[in-house]
Amino acid sequence: MTANPPQASSLRTALRIVNAVLERETCGRAGFNVARLAHEVGIDPSKASRITQEL
């Protein structure tokens with residue numbers, strides 16, 4: 001079995017962030033701040049900030 005390239009991991013994390021935001025919006029709830037989004041997705045706030053800026 002081969003390891004996933006780092007880009008695949010980053011893409012998966014970005015998709016988890018997008019999914020979390022979409023689920024929250026679908027429920028009619030207010031958006032996330034970066035700290036709450038990071039907690040929801042299970043990543044460090046600095047990583048969540050970096051990914052959301054890229055998105």
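Coordinates for the structure precede this section.
Residues numbered from 1 in each chain as written. Predicted model: local features only at pLDDT ≥ 70, side-chain atom pairs only at ≥ 80, totals over all residues. Heavy atoms only, no water.

**Looking at helix H2 (residues 34-41)**
Among all positions in H2, only Leu37, Ala38 and Val41 are buried. Projection of H2 onto a plane perpendicular to its axis shows the buried side chains occupying an angular sector of 100°, all on one side. Pointing more than 90 degrees away from the buried face of H2 are the exposed residues His39 and Glu40. Of the residues that open H2, the one with a side-chain oxygen 3.2 Å from the backbone nitrogen of Ala35 is Asn33. (Buried < 20%, exposed > 50% of the residue type's maximum accessible area, 1.4 Å probe, protein only. Helix = DSSP H or I, 4+ residues; strand = E, 2+ residues; numbered from the N terminus. Arc of directions from axis to C-beta. Polar contact = N/O pair within 3.5 Å; in protein donor to acceptor, adjacent residues only side chain to side chain.)

**Concerning the environment of Thr52**
Looking at the secondary structure, you find Thr52 in helix H3 (residues 45-54). Look at Thr52 and you get partly exposed, because its relative accessible area is 30%. Residues Thr52 and Val34, 18 residues apart in the sequence, show an inter-C-alpha distance of 8.3 Å. Apart from residues lying up to four places away in sequence, Thr52 is in contact with Ile17 and Leu37. (Contact = heavy atoms within 4.5 Å.)

**Section: the nonpolar core**
Within the largest apolar cluster, nine residues are counted, these being Ala14, Ile17, Ala20, Leu37, Ala38, Val41, Ile43, Ala48 and Ile51. Only helix H1 (6-26), H2 and H3 provide two or more residues apiece to this core. For Ala20, the contacting residues outside a window of four places in its chain are Phe32, Leu37, Glu40 and Val41. (Core = buried A, V, L, I, M, F, W, Y, C linked by side-chain atoms within 4.5 Å.)

**Details of the packing of H2 against H3**
Close contact between H2 and H3 brings their axes to 8 Å; oriented N to C, the two are set at 105°. On the basis of their axis angle, the class for H2 and H3 is roughly perpendicular. Listed contacts from H3 to Val34, Leu37 and Ala38 of H2 are Pro45, Ala48, Ser49 and Thr52. Here the residues of the contact of H2 with H3 are counted per class, giving five nonpolar, two polar and no charged. (Axes fitted to C-alpha atoms, helices over the stretch in contact; angles between N-to-C directions. Parallel < 35°, antiparallel > 145°, perpendicular 65-115°, else oblique. Nonpolar A, V, L, I, M, F, W, Y, C, P; charged D, E, K, R; others polar.)

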